[in-house]
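Take a look at the letters that make up each chain.
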Amino acid sequence: MQLQQEIDQLFIEQQRDWEQLRIAIEQLDYVKVKEFNWGSELKVNVQFNPARIQSVSAKVDKSSIEKRPCFLCSENRPKVQSGISFLDKYIILVNPFPILQKHLTIALHSHVPQRIRRKTGDMLTLAELLPEHIVFYNGPKCGASAPDHFHLQAGLKSPLLMAGENELRSCLVIESSSKQEVEDRFEDVYQYLHSRQPDEEEPLLNLIAFVENNNYVMHIFPRKAHRPKQFYEEGKRQLLVSPGAIDMAGLIITAREEDFNKIKKEDIEDIYSQVSMSII
């Protein structure tokens, strides 16, 4: 539990020293959330979180990425932002734009592209050391607002985010008491998804990992699109929703109140159908 204690202390110190972060964390208790249900077992929550507007609407094409400084590199982070070393190659940071309680960003020291292959072991190790958290990964075309710098994220567990499969979108579940077995089975899935999308540098996917009942659990959300067509519409037809791992798990983030107010069950079903890849 040593790492968890260090993170708890980091939250205390960062909120004391960083006003923007303190306000963002306080506001998280008051974000609007509405619930949609499909029977008694399946639900999706929609969160209105205006602080996420930059992330949701981020331009992640190569030209835009090259023009802006990387906000995960140490020289570009706010001077007040401090962190904790992890595995001698990552820094654990408090996320200044939280969507979850105890929201963390875990950034690699090196400025290398967002690619998960051969890093799932690190992800599972973090989940093991933070048993009250889920650890998640957004692919470079699946919700990552920094596709040029490898990073994971984490936040407190909730049943909604650990639910796994449902009829709205695909989710492959790997579970084992062996960390190595989860890594090996992920590699098999990765190779299969790569065969479905051979032209992509990395198959489109989101991951959520956690430890539960002494088992390592990994949820894989195969994707076929980065954003739904509603994202690119104009006027009243636009819904600024850019799904990442948390959205795929069942917590859809809206950064504009107009989108939060008008989104309907049919929109949610349509968004999932556009971005989730069916597995046969």
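Here, every reference points to the structure presented above.
Our subject in this report is the structure included herewith. None of the values given here were measured: they were computed from a predicted structure.

A closer look at the nonpolar core
Counting 40 residues, the largest nonpolar core has Ile92, Ile106, Ile116, Met123, Leu207 and Met218 as the members making the most contacts within it. With 5 residues, helix H6 (residues 179–196) is the single largest residue contributor to this core. Excluding anything up to four places from it in sequence, Met123 contacts Ile116, Val135, Phe136, Tyr137, Leu152, Leu207, Ile208, Ala209 and Met218. Core analysis: the next-biggest nonpolar cluster, separate from the first, contains 35 residues, Val46, Leu168, Val217 and Ile263 among them.

Overview of the sheet that holds strand E7 (residues 151–156)
Strand pairing within a sheet occurs via backbone hydrogen bonds; the two strands may be parallel or antiparallel. Pairing within the open sheet is antiparallel, and its 8 strands lie in the order E3-E4-E5-E7-E6-E9-E10-E8. Pairing within the sheet leaves two strands with one partner each, and these edge strands are strand E3 (83–86) and strand E8 (172–176). Direction aside, neighbouring strands of the sheet carry axes that sit 20° apart on average. Here 8 bridges tie strand E9 (residues 205–212) to strand E10 (residues 215–222), and the two strands are oriented antiparallel to one another. Of the residues in E10, the one forming a bridge with Leu207 is Ile220.

The rules behind the values
Residues numbered from 1 in each chain as written. Predicted model: local features only at pLDDT ≥ 70, side-chain atom pairs only at ≥ 80, totals over all residues. Heavy atoms only, no water. Core = buried A, V, L, I, M, F, W, Y, C linked by side-chain atoms within 4.5 Å. Buried < 20%, exposed > 50% of the residue type's maximum accessible area, 1.4 Å probe, protein only. Helix = DSSP H or I, 4+ residues; strand = E, 2+ residues; numbered from the N terminus. Contact = heavy atoms within 4.5 Å. Pairing = 2+ DSSP bridges. Axes fitted to C-alpha atoms, helices over the stretch in contact; angles between N-to-C directions.

From the geometry alone we can't say anything about function, so treat these as descriptive.
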